[in-house]
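Listed below, chain by chain, are the residues.
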Amino acid sequence: MKLRLVLEQVSLHFLISIVAFRPVTFGLQTNTLDGTCSNPRQESASILNRKELLQAIQTGRVYQQDNFLSEAQVLQLLEEIRVLEDEGKFVTKGLSNTADQAQKFSAQQDRSICPVPWFMDALMSDASDEKSDNEIPMKLQQLQQELSTLLDRPSMKDPTLNHECYYSLSKVGSFLPRHMDERHEEMKGAQGWLLPSRRSLSWLIYLSEPSNWDIERNGGALRTFPPKRSTCSSTHEENLQIGWIHSEDGSSRGVYLDSFFLPPPPAGASIVTSDSSQPLAASVDPHCILYCVDQKGNREYLTRPWLTEALQGMAVPDFILACVQHDSDASQYDAPSSLLLFQTPQYASRFSLIEDRQAWNNNENPKGSVVEDISPVRGRLVVFDSVQLPHEVAPIKSGTRRALAGWFHEKTQELQFY
């Protein structure tokens, strides 16, 4: 049943993995013996501003780099896009995830996308061919390798993961509503814990026309909602971030969901020791729990543990939001702590989900966030964390917003069995 739901609902991952196009190899050669890459250009100078990249990603913002591709390289990609358009390879596609299952696609309001035929060959290439038409694929491979190293995401270098890449085309009137590119497996319901990899970093290289794109005149801004002030990773001990805990001074700390927390065993229960630093309770199943990290790097638990299986079909995000509303008011009617999910009403009132669709549907900006618009300037590279940053695309007023875009994947957190 879970597999059928994935096949029906997770469309873009599989669409991009289909090889349905005439091969465009750019002179690439692949090491097929071990599935790894050997790229001499990886030893060359960095193609990224490392300091600005780290600062942007660590504060939950978008890294921007102008002229990542030359005008000649942009024109080369635009020519390939026109060929693919003429061949009817573009399909209308709205959101990049399945957050809104009732979404209906419109040729006037939604972008069109086309998987890039040569992308996976680029990641697998050994870069032994130094022809000029090899430059763009090799630059994407170098981008992948540098991002993996600089941000300490080692599995991102694995070329066999389901990395994604597509051409995006948005004409006048099209837009993308607010969404997330990735979320914690526990927040996906029946689709969680099924795929071997997840989106880690979202990236786009804009190919917009006209070349002097201006968001006041042309629209199409990438609108993002980063926290006002924060420095944290989207993962901690392999647990993904799902929310924020906000302070009165305007700063925010990441809140992580541990799906494999083992609560203390019932009184009198025997303890089974293991190689893990955490003892295993013989009769206790792994629970979910929310926590943040204090200044010393220690966990600060915000909630009591719960079992997702006990929610009787209620979605985990809906459960957390219901507890936030209930527990925030607990001090007013002196509710017993045993009836609260959050450790204190203060924790509940200061907490917010990264993907708070109830607030979004009420046209509210994410709690504790600021609005930052990025113009799709031709040749500009943008990179941001797929788990951490809500974003949308403003309507196109004039011109055509094109991009080479995709996601670099990491391995999904492994299920733990006790």
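Residues numbered from 1 in each chain as written. Predicted model: local features only at pLDDT ≥ 70, side-chain atom pairs only at ≥ 80, totals over all residues. Heavy atoms only, no water.

**Q** Would you take a moment to explain the nonpolar core for this structure?
**A** The nonpolar side chains of soluble globular proteins are, as a tendency, buried together. Core analysis: the biggest nonpolar cluster contains 37 residues, and L48, L143, L147, Y167, W203 and L404 have the highest contact counts within it. Secondary structure elements with two or more residues in this core: α3 (50-58), α4 (71-86), α5 (119-124), α6 (135-150), β4 (164-170), β6 (197-206), β17 (381-385) and β19 (401-411). M187, I242, I320 and F342 belong to the second-largest nonpolar core, a separate cluster that totals 23 residues. (Core = buried A, V, L, I, M, F, W, Y, C linked by side-chain atoms within 4.5 Å. Buried < 20%, exposed > 50% of the residue type's maximum accessible area, 1.4 Å probe, protein only. Helix = DSSP H or I, 4+ residues; strand = E, 2+ residues; numbered from the N terminus.)

**Q** What should I look at first to understand empty space enclosed by the protein in this one?
**A** It is the rolling of a water-molecule-sized probe over the atoms that shows where space remains empty. Scanning all chains against the criterion turns up two cavities of 30 Å³ or more. Of the voids in this model, the largest cavity is the one considered here, and its volume is about 230 Å³. Elements that contribute at least two residues to the lining of the largest cavity include exactly β4, β5 (176-179), β6, β18 (391-393) and β19. For the lining of the largest cavity, the element with the highest residue contribution is β19, accounting for five residues. Class assignment for the residues of the lining of the largest cavity results in 13 nonpolar, eight polar and three charged. Taken as a whole, the second largest cavity spans an internal volume of roughly 60 Å³. If you trace the second largest cavity, you find it lined by F225, P226, P227, W244, S352, L353, I354, P366, K367, S369, Q388 and P390. A per-class count over the lining of the second largest cavity returns eight nonpolar, three polar and one charged. (1 Å grid on protein atoms, 1.4 Å probe; cavity = no way out; pocket = protein on both sides within 12 Å on 5 of 7 lines; lining within 4 Å. Points joined across faces, edges and corners; volume = space filled by probe spheres on them. Nonpolar A, V, L, I, M, F, W, Y, C, P; charged D, E, K, R; others polar.)

**Q** Please explain the packing of aromatic side chains as it appears in this structure.
**A** The geometry of an aromatic ring pair comes down to the distance between the two centres and the angle between the two planes. Inspection of the entire model under this criterion finds nine aromatic pairs. Arranged with centres 5.3 Å apart and planes meeting at 65°, the rings of W193 and F260 form a pair that is edge-to-face. Here W193 is found in the loop between β5 and β6, whereas its partner F260 is found in strand β10 (residues 252-261), with 67 residues between them in sequence. Comparing W193 with F260 shows no difference in burial state: the two are buried. Judged by centre distance (6.1 Å) and plane angle (65°), the rings of Y291 and Y301 are edge-to-face. With Y291 in strand β13 (residues 287-293) and Y301 in strand β14 (residues 299-301), this residue pair connects regions lying ten residues apart in the sequence. (Phe/Tyr/Trp six-rings, centres within 6.5 Å; stacked < 30°, edge-to-face > 60°.)

**Q** Where do I start with the confidence of the model for the protein in this structure?
**A** The predicted model of the protein has a mean per-residue pLDDT of 84, with 78% of residues at 70 or higher. Across residues 1-43, where pLDDT falls below 50, the model places 95 contacts with residues more than four positions away in sequence or in other chains. In this model, residues 96-105 is a region of pLDDT below 50 whose contacts with residues beyond four sequence positions or in other chains number 27 contacts. (pLDDT = per-residue confidence, 0-100. Contact = heavy atoms within 4.5 Å.)

**Q** Looking at this structure, how should I read the pairing of β19?
**A** Here β19 lies mainly inside the structure; ten of its eleven residues are buried. With seven bridges joining them, β4 and β19 adopt antiparallel strand pairing. Each residue of the ladder has a partner; that of C165, found in β19, is G406. (Pairing = 2+ DSSP bridges.)

**Q** Which parts of the structure should I look at to understand the pairing of β13?
**A** In summary, the side chains of a regular strand alternate between the two faces of the sheet. β13 sits mainly inside the fold: six of its seven residues count as buried. Inspection of the sheet shows β10 paired to β13 by four bridges, in the antiparallel sense. Paired with D258 across the strands is I289, a residue of β13. Pairing of β13 with β14 involves three bridges; the strand directions are antiparallel. Within the sheet, the bridge partner assigned to C292 lies in β14 and is E300. Hairpin connection between β13 and β14: a loop of five residues separates the two successive antiparallel strands, and G297 in this loop has a positive phi of roughly 85°.

**Q** Before we go on, may I ask you to explain the sheet that holds strand β1 (residues 63-65) in this structure?
**A** Adjacent strands of a sheet form backbone hydrogen bonds with each other and so pair up, either parallel or antiparallel. The strand order across the open sheet built from seven strands is β1-β17-β6-β19-β4-β3-β2, with neighbouring strands paired in antiparallel fashion. Looking at strand neighbours, the two that pair on one side only are β1 and β2 (91-92), the edges of this open sheet. The strands that α3 touches are β1 and β17; relative to β1, the one it contacts most, it runs at about 150°. In the packing of α4 onto the sheet, the strands contacted are β3 (112-115), β4 and β19, and the crossing angle to β4 comes to about 80°. (Axes fitted to C-alpha atoms, helices over the stretch in contact; angles between N-to-C directions.)

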